[in-house]
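Fold and geometry: a report
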Amino acid sequence: MKKFLSVVLAMTLVLTSFAGCGKTETNTSANTETSTSTSTPENTDKPAPKGKITVAALESAYGVEAWKEVTAAYTKQTGVEVNLITDKNIEDVIGANMKAGEYPDVVHLATGRPAALTETMIKDNALTDLTDMLSMTVPGETKKVSEKIAKGFTESSLTNPYSDGKTYLAPMFYGPCGLFYNQGLFEAKGWTVPTTWDEMWALGDKAKAEGIALFTYPTAGYFDAFFYALVYSVGGASFFDKVTNYAEGVWDTPEGKQVIDIIAKLATYTEKSVPSNANNDNFLKNQQLVLDNKALFMPNGTWVVGEMANAPRADGFKWGLTALPAVKQGGDRYSFTWFEQIWIPAAAENKEDAKSFIAYLYSDEAAKIFAKQREGSQPAIQPIIGLADSLEGDNKLFYSIYDNGAKAALGGFAATDPVEGVSIAEATFEAVNSLVSGDKTAEDYKAGIVKASDALRPHLKK
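Remember, it's a predicted structure, so these values are computed and weren't measured experimentally.

Topic: the overall build of the protein chain
Within the protein chain one finds 17 helices and ten strands. By the burial criterion, 59% of the 462 residues in the protein chain qualify as buried. A total of about 18300 Å² of accessible surface is found on the protein chain, and carbon and sulfur atoms cover 47% of it.

And the structure:
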């Protein structure tokens, strides 16, 4: 599910991951730990086949069973057969075939992944315009897709990357990203969850005296959701737009300085072992610090519950989630809303059926299948109006964060044409590892962001 959620959202995000992309079918009992390629099972009640599409989906903490059930239900509803391909590194599975000119019809893969396949497709203008899909009637229902998707989810750069009013990526599974912590520890210590950064630093000093770090993070990529929410809380939407569109001089403003100062200071309160484990192989060790009461907070997404379901934990452990602290008493607090994306390659052969499939994903039927709790996987929540009202347990707690005063932060860095050797994600997120290790100062960190922003600004997508 992500990354920060690298997530981002990840996000990514969050966003947490889902051989070949050929349109051949294989046995449905194939080992899903590596990859699966499944066709919809035979069903005598389904309509006569009307077509066939290939769907490539990331295998993440949400598992693959829901995808199998949803694709089967779609076939029964429409008669369009689905060849489903899933893998934890789906970009590796489909990437080579795409370079050879063989594309899946639908790809479920969010931005914020290390391989950056979705970002590459955006930069190369290689996505199909999905704006008309929003006006389609959801298969099996009477409402249009636009009437089902929650407000704001098709109005950010994560779905409309070119600022042209058109949607090229449809929003999928979403979740609030914030600071996860152990409620049980706070209750046992009599500590109050900080609502301002001044309170956060004071708590950090108190915890340090007891041998507990204030902060950890799975990988530096998870700073995407953290970073975006922080930017919103410091300067609001207008400041966020300037930062994410690489505005000249934005990092020399009082707001820019405050963002840098907070991140740099937080690095000094971070458990020092974190950078060495901040990778895809060992990130669970960094998450385990919270479960072992060795660190108080970590940026993450709701998928962390599934990832750590079988991990040992301190007595009395209870998941908690809070928005980022405000920069001043009474100020706005933000929780980034991370969501995955699904898209259609511009070179896909079956675009109309592909759009119909994506439209179906917003049906009540599909939403219930995705949201079902399955052993060993996390429920996947679609951004559908009213769906969160039916949730229970931890998910009810997590998705109620916006009912408890937090504002939703949406969006990310604007798309640009490719610039060789320049990555805004590396400059803003990955560089945090060097802040924590002491290899970079706050000024070094700022200089890296400014350099990347200056290089990308002339290449913004129009």
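Quick notes on the environment of Ser 157
Within the secondary structure layout, Ser 157 lies in the loop between α4 (145-148) and β5 (170-182). The partly exposed category is assigned to Ser 157, whose relative accessible area is 24%. Sequence separation of Ser 157 and Gly 412 is 255 residues, and the distance between their C-alpha atoms is 6.1 Å. If we skip the residues at most four places from it in the chain, Ser 157 touches Gly 411, Gly 412 and Phe 413. Of the polar contacts made by the side chain of Ser 157, one reaches the backbone oxygen of Gly 412; its length is 3.0 Å.

Digging into unusual backbone geometry
In most cases, non-glycine residues show a negative phi, while peptide bonds are predominantly trans. The phi torsion at Asn 125 lies on the positive side, around 50°, for a residue other than glycine. Along the chain, the position of Asn 125 falls in the loop between α3 (117-123) and α4. On the basis of relative accessible area, Asn 125 is assigned to the partly exposed category, the value being 48%. If you check the backbone angles, Asn 293 has positive phi at about 60° while not being a glycine. Structurally, Asn 293 is set in the loop between α10 (283-291) and β7 (295-300).

Points about helix α8 (residues 254-268)
In a regular helix each residue adds 1.5 Å, so 15 residues correspond to 21 Å; α8 covers 21 Å between its end C-alpha atoms and thus fits that length. Listed in full, the buried residues belonging to α8 are Gly 256, Val 259, Ile 260, Ile 262, Ile 263, Ala 264, Leu 266 and Ala 267. Summarising the contacts, the buried residues of α8 are in contact with α6 (197-208), β6 (213-215), α7 (223-244), α16 (432-437) and α17 (442-456).

Some details on the side chain of Asp 87
You can see Asp 87 is positioned in strand β3 (residues 80-87). Buried Asp 87, no salt bridge; nearest opposite-charge side chain is Arg 113, N-O distance 7.2 Å. Within the structure, the side chain of Asp 87 is placed 2.8 Å from the backbone nitrogen of Asn 89, a separation counted as a polar contact.

Some thoughts on the pairing of β7
Of all six residues in β7, six are buried, a share of seventy percent or more. The pairing of β5 with β7 spans three bridges and is antiparallel. Looking at β7, one finds that Phe 180 is bridged to Met 298.

Observations concerning the nonpolar core
In this structure, Trp 67, Phe 226, Phe 227, Leu 296, Phe 297, Trp 319 and Phe 370 are the most contacted members of the largest nonpolar core, which totals 133 residues. Broken down by element, the residue count for this core peaks at 13 residues, all from α7. Residues Ile 90, Val 93, Met 98 and Leu 127 belong to the second largest nonpolar core, which totals 19 residues.

A look at α17
Its 15 residues give α17 an end-to-end C-alpha distance of 21 Å, which sits within 8% of 21 Å, the value for a rise of 1.5 Å per residue. Among all positions in α17, only Tyr 445, Lys 446, Ile 449, Ala 452, Ser 453 and Leu 456 are buried. For α17, the angular spread of buried residues about the axis comes to 130°, placing them on one side. Opposite the buried face of α17, at more than 90 degrees from it, the exposed residues are Glu 443 and Lys 451.

Concerning the packing of α8 against α17
As a packed pair, α8 and α17 sit with axes 10 Å apart at the nearest point and diverge in direction by 130°. Relative to α17, the element α8 is oriented oblique. The way α8 lies across α17 gives a crossing that is right-handed. Packed against α8, whose contacting residues are Ile 260, Ile 263 and Ala 264, the element α17 presents Ala 442, Tyr 445, Lys 446 and Ile 449 at the interface. For the contact of α8 with α17, the class distribution of residues is six nonpolar, no polar and one charged.

A word on the pattern of salt bridges
Enumeration over the complete set of coordinates arrives at twelve salt bridges. In this structure, Glu 141 and Lys 148 form a salt bridge, with 2.7 Å as the shortest nitrogen-oxygen distance. With a shortest N-O distance of 2.6 Å, Asp 454 and Arg 457 are connected by a salt bridge. The exposure class assigned to Asp 454 is partly exposed, which follows from its relative accessible area of 38%.

Let's talk about the packing of aromatic side chains
Scanning the entire structure with this criterion turns up 37 aromatic pairs. Taking 5.2 Å as the distance between ring centres and 75° as the angle between the ring planes, the aromatic pair formed by Tyr 217 and Phe 223 counts as edge-to-face. Accessibility classification places Tyr 217 together with Phe 223 in one group, the buried group. Put simply, the rings of Phe 227, Tyr 228, Tyr 232, Phe 240, Tyr 246, Trp 251, Tyr 334, Phe 336, Phe 413 and Phe 429 touch in pairs and so form one group of aromatic residues.

With respect to the packing of helix α1 (residues 65-78) against helix α13 (residues 364-371)
Close contact between α1 and α13 brings their axes to 9 Å; oriented N to C, the two are set at 160°. Between α1 and α13, the angle is such that the two are roughly antiparallel. With respect to the hand of their crossing, α1 and α13 are arranged in right-handed fashion. Touching Ala 66, Trp 67, Glu 69, Val 70, Ala 73 and Gln 77 of α1 are Glu 365, Ala 366, Ile 369 and Phe 370, all from α13.

Looking at the side chain of Asn 277
Tracing the backbone shows Asn 277 in helix α9 (residues 274-277). Exposure remark for Asn 277: the relative accessible area of 15% places this residue in the buried category. Here Asn 277 is in contact with Pro 218, Asn 282, Phe 283, Lys 285 and Asn 286, once residues within four sequence places are set aside.

Looking at the environment of Asp 332
With respect to the helices, strands and loops of the structure, Asp 332 is situated in the loop between β8 (319-322) and β9 (334-343). When its relative accessible area of 36% is taken as the criterion, Asp 332 is described as partly exposed. Residues Asp 332 and Lys 407, spaced 75 residues apart in sequence, show a C-alpha to C-alpha distance of 7.3 Å.

Cut-offs applied
Residues numbered from 1 in each chain as written. Predicted model: local features only at pLDDT ≥ 70, side-chain atom pairs only at ≥ 80, totals over all residues. Heavy atoms only, no water. Helix = DSSP H or I, 4+ residues; strand = E, 2+ residues; numbered from the N terminus. Buried < 20%, exposed > 50% of the residue type's maximum accessible area, 1.4 Å probe, protein only. Areas by Shrake-Rupley, 256 points an atom, 1.4 Å probe, with all protein chains shown as cover. Contact = heavy atoms within 4.5 Å. Polar contact = N/O pair within 3.5 Å; in protein donor to acceptor, adjacent residues only side chain to side chain. Expected span 1.5 Å × (residues − 1). Lys, Arg positive; Asp, Glu negative; His and termini not counted. Salt bridge = Lys/Arg side-chain N within 4 Å of Asp/Glu carboxyl O. Pairing = 2+ DSSP bridges. Core = buried A, V, L, I, M, F, W, Y, C linked by side-chain atoms within 4.5 Å. Arc of directions from axis to C-beta. Axes fitted to C-alpha atoms, helices over the stretch in contact; angles between N-to-C directions. Parallel < 35°, antiparallel > 145°, perpendicular 65-115°, else oblique. Left-handed = near helix turned anticlockwise from the far one by under 90°. Nonpolar A, V, L, I, M, F, W, Y, C, P; charged D, E, K, R; others polar. Phe/Tyr/Trp six-rings, centres within 6.5 Å; stacked < 30°, edge-to-face > 60°.

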